[in-house]
Amino acid sequence: MDAKSIERAYTVFSGFYDLVFGKLFHQSRADAIQLLNIRGGENILEVGVGTGLSLPYYPRNCKVIGIDFCEPMLEKGRQRVGQYQLSHIQLMKMDAMKMNFPDNSFDSVFAAYVISAVPDPHQVIAEMIRVCKVGGKIVLLNHFKNMNPFISGCEKAISPFTKKIGFQADLDLSSLLSGKPLVVEKKRSVKPLNYWKVVQCTNRKGLNGNGNGHGNGSGNGAYPAAYSTLKR
Ligand SMILES: C[S@@+](CC[C@H](N)C(=O)[O-])C[C@H]1O[C@@H](n2cnc3c(N)ncnc32)[C@H](O)[C@@H]1O
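So, how was this worked out
Residues numbered from 1 in each chain as written. Predicted model: local features only at pLDDT ≥ 70, side-chain atom pairs only at ≥ 80, totals over all residues. Heavy atoms only, no water. Phe/Tyr/Trp six-rings, centres within 6.5 Å; stacked < 30°, edge-to-face > 60°. Helix = DSSP H or I, 4+ residues; strand = E, 2+ residues; numbered from the N terminus. Buried < 20%, exposed > 50% of the residue type's maximum accessible area, 1.4 Å probe, protein only. Near = heavy atom within 4 Å. Polar contact = N/O pair within 3.5 Å; in protein donor to acceptor, adjacent residues only side chain to side chain. Areas by Shrake-Rupley, 256 points an atom, 1.4 Å probe, with all protein chains shown as cover. Nonpolar A, V, L, I, M, F, W, Y, C, P; charged D, E, K, R; others polar. Contact = heavy atoms within 4.5 Å. Salt bridge = Lys/Arg side-chain N within 4 Å of Asp/Glu carboxyl O. Pairing = 2+ DSSP bridges. Axes fitted to C-alpha atoms, helices over the stretch in contact; angles between N-to-C directions. Patch = residues over 30% accessible without salt bridge, like charges linked within 9 Å, V, L, I, M, F, W, Y side chains within 5 Å.

Some words on the packing of aromatic side chains
Taken as a whole and assessed by the stated rule, the structure comprises eight aromatic pairs. Ring geometry for tyrosine 10 against phenylalanine 13: centres 5.1 Å apart, planes inclined by 90°, an arrangement best described as edge-to-face. Taken together, the positions of tyrosine 10 and phenylalanine 13, both in helix H1 (residues 3-13) and three residues apart, correspond to about one turn of that helix. Across this residue pair, the class does not change: tyrosine 10 and phenylalanine 13 are buried. With a centroid separation of 5.9 Å and 70° between ring planes, the pair formed by phenylalanine 13 and phenylalanine 16 is classed as edge-to-face.

A closer look at the site of the ligand
Every one of the 22 residues lining the ligand counts as a neighbour, but Tyr17, Gly48, Asp68, Ala96 and Ala112 are closest to it. The contact in question runs from an oxygen atom of the ligand to an N or O atom on the side chain of tyrosine 17, over 2.7 Å. Here a nitrogen atom of the ligand sits 2.9 Å away from a polar atom, N or O, in the side chain of aspartate 95. Isolated, the ligand exposes 600 Å² of accessible area, and the fraction of that covered by the protein chains is 98%. Class assignment of the residues belonging to the shell around the ligand gives a composition of 16 nonpolar, two polar and four charged.

Concerning the side chain of asparagine 142
Relative to the helices and strands, asparagine 142 is located in strand S5 (residues 132-142). Separated by 3.2 Å, the side chain of asparagine 142 and the backbone nitrogen of valine 114 make a polar contact. Residues in contact with asparagine 142, not counting those within four places in the same chain, are Tyr113, Val114, Ile115, Ser116, Trp196 and Lys197.

Observations regarding the pattern of salt bridges
Across all of its chains, the model carries eight salt bridges by this definition. Of the charged contacts in the structure, one is a salt bridge between aspartate 18 and arginine 80, with a shortest N-O distance of 2.4 Å. Of the two residues, aspartate 18 sits in helix H2 (residues 17-21) while arginine 80 sits in helix H4 (residues 71-83), which places them 62 residues apart along the sequence. Note on arginine 80: relative accessible area 8%, which makes it buried. Glutamate 42 is paired through a salt bridge with arginine 39; the nearest N and O atoms lie 3.4 Å apart. Relative accessible area serves as the criterion here: at 10%, glutamate 42 is assigned to the buried category.

Remarks on the sheet that holds strand S1 (residues 43-47)
Taken in spatial order, the seven strands of this open sheet run S3-S2-S1-S4-S5-S7-S6, and their pairing is mixed. Each edge of the open sheet carries a strand with a single partner, namely strand S3 (89-93) and strand S6 (182-190). Geometrically, the sheet is characterised by an average inter-axis angle of 15° between neighbouring strands, direction not taken into account. As defined by bridge partners, strand S4 (residues 106-112) adjoins S5 across six bridges and the pair is classed as parallel. Among the inter-strand pairings, alanine 112 is bridged to a residue of S5, identified as leucine 141.

Regarding the pairing of strand S7 (residues 196-203)
In terms of burial, S7 is a largely internal element, seven of the eight residues being buried. Where S5 lies against S7, six bridges are found, and the strand directions are antiparallel. Its bridge partner being in S7, lysine 137 is matched across the sheet by threonine 202.

With respect to a nonpolar patch on the surface
Where nonpolar side chains cluster on the molecular surface, the patch consists of Val12, Phe16, Leu19, Val20 and Phe21 and spans about 500 Å² of accessible area. With three residues, H2 is the single largest residue contributor to the nonpolar patch. Relative to the helices and strands, phenylalanine 16 is located in the loop between H1 and H2. Taking relative accessible area as the criterion, phenylalanine 16 reaches 39% and is therefore assigned partly exposed.

Describing the environment of threonine 11
Mapped onto the secondary structure, threonine 11 falls in helix H1. Sequence spacing of threonine 11 and leucine 74 is 63 residues, and the spatial spacing of their C-alpha atoms is 9.9 Å. When sequence neighbours within four positions are dropped, the list of residues in contact with threonine 11 reads Cys70 and Pro72.

Shown next, in the form of structure tokens:
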């Protein structure tokens, strides 16, 4: 997938994106944001923010920057920021593969339904690690290659077609995290259909040991949903 065709695809999707990927995915976005463990005053980056469907779930006592390289998606996001009066949130046009932020700019970094929709997922993860502080949380909400051989076979078969409409259906999580200084703290399936996963990692760049992307991912704490309090 190249950047131009992805940008073109999301320019087309921007007109009806919220209708298809809105309500059905609200709970998963709210749950994933809980896993950022945001504390007052923190700086948060959301990569590939799109139309900003997750923005109303951030607490107002932090600062959020959302980036995306597709202007029509961002424009919808700006409208949402206005609609919900989200003065703690700023949206910028930027390529996630080459971010204009200094190292260690953010306490946590989040990507929802993005990592399989970028030209080079490894480069985007590397950038997320670079701009996130040591010890910060990096949370991915995405579909990853299924463990079931039959389903993963189907995903592999359809991936050449899904790439034409802007995403890869068979992105493998362990290959993605392999060799990266990330420790998986929690990994769980989320609605709808438990087909998507939320993965909470700690950034251990520059630290010795454990930073090989292979934590146990066994955390199972319940997390409250801001979702129910939002009027849609
Ligand atoms: C499936 S949408 C997800 C949008 C949003 N995060 C959500 O939860 O609905 C993927 C988004 O990633 C953006 N994107 C893809 N590649 C990108 C890149 N290299 N840099 C910035 N944004 C990118 C697309 O423009 C699109 O808005």
